[in-house]
Amino acid sequence: MRITVLTVPDCPNAPVIEERIARAAAGLGVEAERVEVADQEQAARLGMTGSPTVLIDGVDPFAVPGAPPSLSCRLYRGPDGKVEGAPSVGELRRALNTADITQRCACPPTGAADRGGRGRLAPVAGGLRTVQQAVLRHFAATGAAPAAGDLEVAAAVHGRAATAVLAELAAEDFLTLDSDGRIRAAYPLSAVPSGHHIRLADGIEVWAMCAVDALGIPDVLGTDAVITSADPVTGERVTVTFTGGVMTRPGPWSAPRPPPRRAST
């Protein structure tokens, strides 16, 4: 994993975000590299939308759709509405955990079992894995699927256009696109209501492809959550709360956190 902090010279929030990254990344064995950006052209090329901008493997996990390249001071609004010059330690830790998991997760996808045992992890070649991870991080950060334009920086690292990479990912069944080329699902997340709803601790709401995926998503993202689904036979509404690594639901049922399904290394 590579963490890059893009700043203008003498940015007062650069030391703040680096200190918070160090705390968030404790135990991961990674450090942040600072890159000072001198002009608008360099900001556009690197994907900087204000100082400081943090990139994880070339992707901005806090990207705001449509935000232009900028050398101006960047502000971050936390789940509590507070505005600061850097994401909180908790938000950074979640972004790093998401990046770490999406690099290694190879769970078998719903409706795509016959894929030669490749699982969910896209190949590195051609920027497929980089863009796939960028898609999943955008879902986790915003609750919505990214547009192709949100993925251009990740695709450009490999000398490709985002639309071409998305088409290849769809052809290989790592995600699905609609007739206009927009992302409808990226396993295990759905861009459209699926009946399996997850409200994350920070208020972000996402949909899962199936009930099993819904139960695994809070653990994958390292966050508390409330999962709502429906019994496939009776249609009864089922709510499961994931708090501190333990799943519970009203009534005499509870279960410890299941071990995450990860690819062997």
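Please refer to the structure placed before this passage.
Quantities reported herein were computed from a predicted structural model and do not represent experimental measurements.

**A word on the side chain of H138**
One can find H138 in helix α4 (residues 128–142). H138 gets classed as buried once you look at its relative accessible area, which sits at 10%.

**Looking at helix α6 (residues 162–171)**
In an α-helix, one full turn covers 3.6 residues, which means residues spaced three or four apart are oriented alike. Those residues of α6 that sit buried are A162, V165, L166 and L169. With its buried residues spanning 100° around the axis, α6 presents them on a single face. Buried-residue contacts for α6 involve α4, α5 (152–156), β8 (175–177) and β9 (183–186).

**Focus on the sheet that holds strand β1 (residues 3–7)**
Pairing within the open sheet is mixed, and its three strands lie in the order β2-β1-β4. At either end of the open sheet lies a strand with only one pairing partner, and these are β2 (32–36) and β4 (53–56). Strand-to-strand twist in this sheet, taken as the mean axis angle between neighbours without regard to direction, amounts to 25°. With four bridges joining them, β1 and β4 adopt antiparallel strand pairing. Looking across to β4, one finds that I3 is bridged to I56. Its contacts with the sheet place helix α1 (residues 14–24) against β1, β2 and β4, and it is angled at close to 165° to β1.

**Some points on the pattern of salt bridges**
By the definition in use, this model includes eight salt bridges. One salt bridge in this structure joins R23 and E19, with 3.5 Å as the shortest N-O distance. Taken as a pair, R23 and E19 lie in helix α1 at a separation of four residues, close to a single helical turn. A salt bridge links R74 to D60; its shortest N-O distance comes to 2.9 Å. With R74 in the loop between β5 (70–73) and β6 (76–77) and D60 in the loop between β4 and β5, this pair connects stretches of sequence that are 14 residues apart. Residue R74 is classed as buried on the basis of its relative accessible area of 6%. Linked by salt bridges that have partners in common, D178, D180 and R182 make up one network.

**Section: the environment of A162**
Secondary-structure assignment places A162 in helix α6. Residues A162 and E152, 10 residues apart in the sequence, show an inter-C-alpha distance of 5.1 Å. If sequence neighbours within four positions are ignored, A162 has contacts with A148, L151, E152 and A155.

**A look at the pairing of strand β11 (residues 197–200)**
Regular strands have side chains that alternate between both faces of the sheet. Bridging between β11 and strand β12 (residues 205–208) involves three bridges; their strand directions are antiparallel. Within the sheet, the bridge partner assigned to R199 lies in β12 and is E205. Between β11 and β12, which pair antiparallel in sequence order, lie four residues; one of them, G203, sits at a positive phi of approximately 95°. Here β11 pairs with strand β13 (residues 225–230) via four bridges, running antiparallel. Considered in β13, the bridge of L200 is made with A225.

Here is what the cut-offs are and how they apply
Residues numbered from 1 in each chain as written. Predicted model: local features only at pLDDT ≥ 70, side-chain atom pairs only at ≥ 80, totals over all residues. Heavy atoms only, no water. Helix = DSSP H or I, 4+ residues; strand = E, 2+ residues; numbered from the N terminus. Buried < 20%, exposed > 50% of the residue type's maximum accessible area, 1.4 Å probe, protein only. Arc of directions from axis to C-beta. Contact = heavy atoms within 4.5 Å. Pairing = 2+ DSSP bridges. Axes fitted to C-alpha atoms, helices over the stretch in contact; angles between N-to-C directions. Salt bridge = Lys/Arg side-chain N within 4 Å of Asp/Glu carboxyl O.

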